[in-house]
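If you want the building blocks of each chain, they are given just below.
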Amino acid sequence: MKPDLVLIETIGHIGLMRFNNPEELNTLHVPMLLAMEEALTALERDSKVRVIVVTGVDDKAFIAGGNIKDLNARRGLQHYNDFSETLHRVFRRFEVCNKPTIAAVNGWALGGGMEFMLTIDIRLMADEVKIGLPEIKLGIFPGGGGSQRLMRQLPLCQAKLLMFTGDFLTAEEAVSLGLVNRSVPREQLLEETLTLAKRIAEKSPVALKFLKNSMLHGAEMPLAAALAHEAATISLVFDSEDAHEGCSAFIEKRQPVFQGR
């Protein structure tokens, strides 16, 4: 595995992950996926990191999709399964990460790149960038979770239109559909993303962790079960030191200082 396929650094309480294979437009193959997983593990284990930001190293690509040469060179079902199982495991790791994640989509996010974006909590996108799921044009379909996640994040007819045609979306269109939170001028994208990440990192890590967990799992439950799950979860949060600090700060008319306990 090339050690520099993914770069990580910390900025205060923010963990910044940069995809660093611009020669191949950060396309996905097993070494890239394993590097992403290794970087995520490091940032998850770093107790100082409260929010994780993901982006590309340059403006050409966020993740331009699967590595077509690698995929086309595979033969036999087991070889495809090896790639698919790694892809799904790594993407799910990002989706269920107990720290908030933010994508700064600074370049092409196509195919597997857009499928990866769908696993990230909050998404900001450079105004000149396009995203899409063009797999159908290659005689395949989105198999990195896209065919399932997209229809859970858009009306079904819109999800089908995008996947059946393989058409690209502009940043403005992605915002209007609700797939992306904001369209940002390219030169301001990382700064605005880090500013947002800092705002979130000032909140209680305990509350953020359990809130994300409650929403992630509650979305897959019937309402009655989801409400019971929420009630049990908020009880744990109420008993945290952060909750007492937040309430005390409110009463004392000061800013809370959360410690993540």
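Before reading on, note that the structure itself is shown above.
Quick summary incoming for the structure in this document. These numbers come from a predicted model, not from an experiment.

## Overview of the overall build of the chain
Step number 1: For the chain, the helix and strand inventory stands at 11 helices and 10 strands.
Step number 2: Against the compact-globule benchmark of 18 Å for 261 residues, the chain has a radius of gyration of 19 Å, which places it among compact chains.
Step number 3: Projected onto the principal axes, the alpha-carbon positions of the chain cover approximately 60 × 40 × 35 Å.
Step number 4: The buried share of the chain, reckoned over its 261 residues, is 45%.
Step number 5: A sequence separation of at least 24 residues applies to 69% of the contacts in the chain between residues at least 6 apart.
Step number 6: Surface accessibility of the chain: about 13600 Å² in total, with carbon and sulfur atoms responsible for 58%.
Step number 7: Mean positive and mean negative side-chain charge positions of the chain (29 and 33 charges, respectively) differ by 2 Å.

## Some points on the nonpolar core
Step number 1: Core analysis: the largest hydrophobic core is formed by 61 residues, its most contacted members being Phe19, Met36, Val54, Phe62, Phe116 and Leu150.
Step number 2: Ranked by residues supplied to this core, first place goes to helix 1 (residues 30–45) with seven residues.

## Quick look at the packing of helix 5 (residues 146–153) against helix 6 (residues 156–165)
Step number 1: It is at 7 Å that the axes of helix 5 and helix 6 come closest, and there the two elements cross at 140°. As judged from the angle between their axes, helix 5 and helix 6 are oblique. In the packing of helix 5 onto helix 6, the handedness of the crossing is right-handed. Taken together, the residues of helix 6 that come into contact with helix 5 (itself represented by Gly146, Ser147, Leu150 and Met151) are Leu156, Ala159, Leu162 and Met163.

## Here we look at the side chain of Thr233
Step number 1: Looking at the element boundaries, Thr233 is found in helix 10 (residues 223–238).
Step number 2: Beyond its immediate sequence surroundings of up to four residues, Thr233 is in contact with Phe210 and Ser214.

## Overview of the pattern of salt bridges
Step number 1: This structure, assessed with the given rule, holds 14 salt bridges.
Step number 2: Of the charged contacts, one joins Arg254 and Glu245 as a salt bridge, the two residues approaching to 2.7 Å between their closest N and O atoms.
Step number 3: Note on Arg254: relative accessible area 33%, which makes it partly exposed.
Step number 4: Each of Glu37, Glu44, Arg89 and Arg93 takes part in a single network of salt bridges with overlapping partners.

## Regarding unusual backbone geometry
Step number 1: Even without being a glycine, Asn26 presents a positive backbone phi close to 60°.
Step number 2: For Asn26, the location among the structural elements is in the loop between strand 2 (14–19) and helix 1.
Step number 3: The backbone phi angle of Lys253 is positive, close to 55°, even though this residue is not glycine.
Step number 4: Turning to its location among the elements, Lys253 is positioned in the segment after helix 11 (241–251).
Step number 5: By relative accessible area, Lys253 is classed as exposed at 77%.

## Structural notes on the pairing of strand 5 (residues 101–105)
Step number 1: Counting buried positions along strand 5 gives five out of five residues, so the element sits mostly inside the fold.
Step number 2: Side chains Thr101, Ala103 and Val105 of strand 5 all project onto a buried face; the interleaved residues Ile102 and Ala104 project onto the opposite face, where all are buried too.
Step number 3: Of the pairings in the sheet, the one linking strand 3 (residues 51–56) to strand 5 comprises four bridges and is parallel in character. Bridging from a neighbouring strand, Thr55 pairs with Ala104 of strand 5.
Step number 4: Judged from the four bridges that link them, strand 5 and strand 7 (residues 122–126) form a sheet pairing that is parallel.

## Remarks on the sheet that holds strand 1 (residues 6–11)
Step number 1: In spatial order, the strands read 1-2-3-5-7-10; together these six strands make up an open sheet with mixed pairing. Each having just a single partner strand, strand 1 and strand 10 (182–184) make up the two edges of the open sheet. Taking each pair of neighbouring strands and ignoring which way they run, the sheet shows an average axis angle of 20°.

## A closer look at the environment of Thr233
Step number 1: Residue classification places Thr233 among the buried residues on the basis of a relative accessible area of 8%.
Step number 2: Between the alpha carbons of Thr233 and Leu190 there is a distance of 33 Å; along the sequence they are 43 residues apart.

## What to know about helix 11
Step number 1: When helix 11 is considered as a whole, its buried residues turn out to be Asp242, Ala243, Glu245 and Ala249. Mapping the buried residues of helix 11 onto a view down its axis gives an arc of 160°, with all of them on the same face.
Step number 2: Next to the buried residues of helix 11 lie helix 9 (205–218) and helix 10.
Step number 3: Once helix 11 ends, the next one or two residues include Lys253, with phi positive near 55°.

The rules behind the values
Counting starts from 1 at the beginning of each chain's written sequence and moves along it residue by residue. At least 70 in pLDDT is required for a residue's local features to be given in this predicted model, at least 80 for side-chain atom pairs to be given and counted, and no such filter applies to totals for whole chains, interfaces and linings, which use all residues. Side-chain measures here rest on the full set of heavy atoms in the structure, leaving out hydrogens and waters. Secondary structure elements follow DSSP: runs of H or I no shorter than four residues count as helices, runs of E no shorter than two count as strands, and numbering proceeds from the N terminus. The quantity called the radius of gyration is restricted to C-alpha atoms. Its globule counterpart is 2.2 Å times the number of residues to the power 0.38. Only protein chains enter the calculation, and the probe is 1.4 Å; a residue is then buried if its accessible area is under 20% of its type maximum, exposed if over 50%, and partly exposed in between. In what follows, residue pairs with any heavy atoms lying within 4.5 Å of each other are defined as contacts. In short, Shrake-Rupley with a 1.4 Å probe defines the accessible areas, and a residue's cover is counted only from the protein chains shown. The charged-residue count follows a simple rule in which Lys and Arg add positive charge and Asp and Glu add negative charge, with His and chain termini not counted at all. A single reference atom marks each charge: NZ on Lys, CZ on Arg, CG on Asp, CD on Glu. To form a nonpolar core, buried Ala, Val, Leu, Ile, Met, Phe, Trp, Tyr and Cys residues must be joined to one another through side-chain atoms within 4.5 Å. Here the axes come from fitting lines to C-alpha atoms, over the contacting stretch only for helices, and the angles between their N-to-C directions go from 0 to 180 degrees. Angles below 35 degrees are treated as roughly parallel, those above 145 as roughly antiparallel, those between 65 and 115 as roughly perpendicular, and all remaining angles as oblique. Less than a right angle of anticlockwise turn of the near helix away from the far helix marks a crossing as left-handed, whereas a clockwise turn marks it as right-handed. A side-chain nitrogen of Lys or Arg and a carboxyl oxygen of Asp or Glu constitute a salt bridge if their distance falls within 4 Å. DSSP calls a pair of strands paired once it identifies at least 2 bridges connecting them. Taken from the helix axis, the directions to the C-beta atoms give the arc we talk about.

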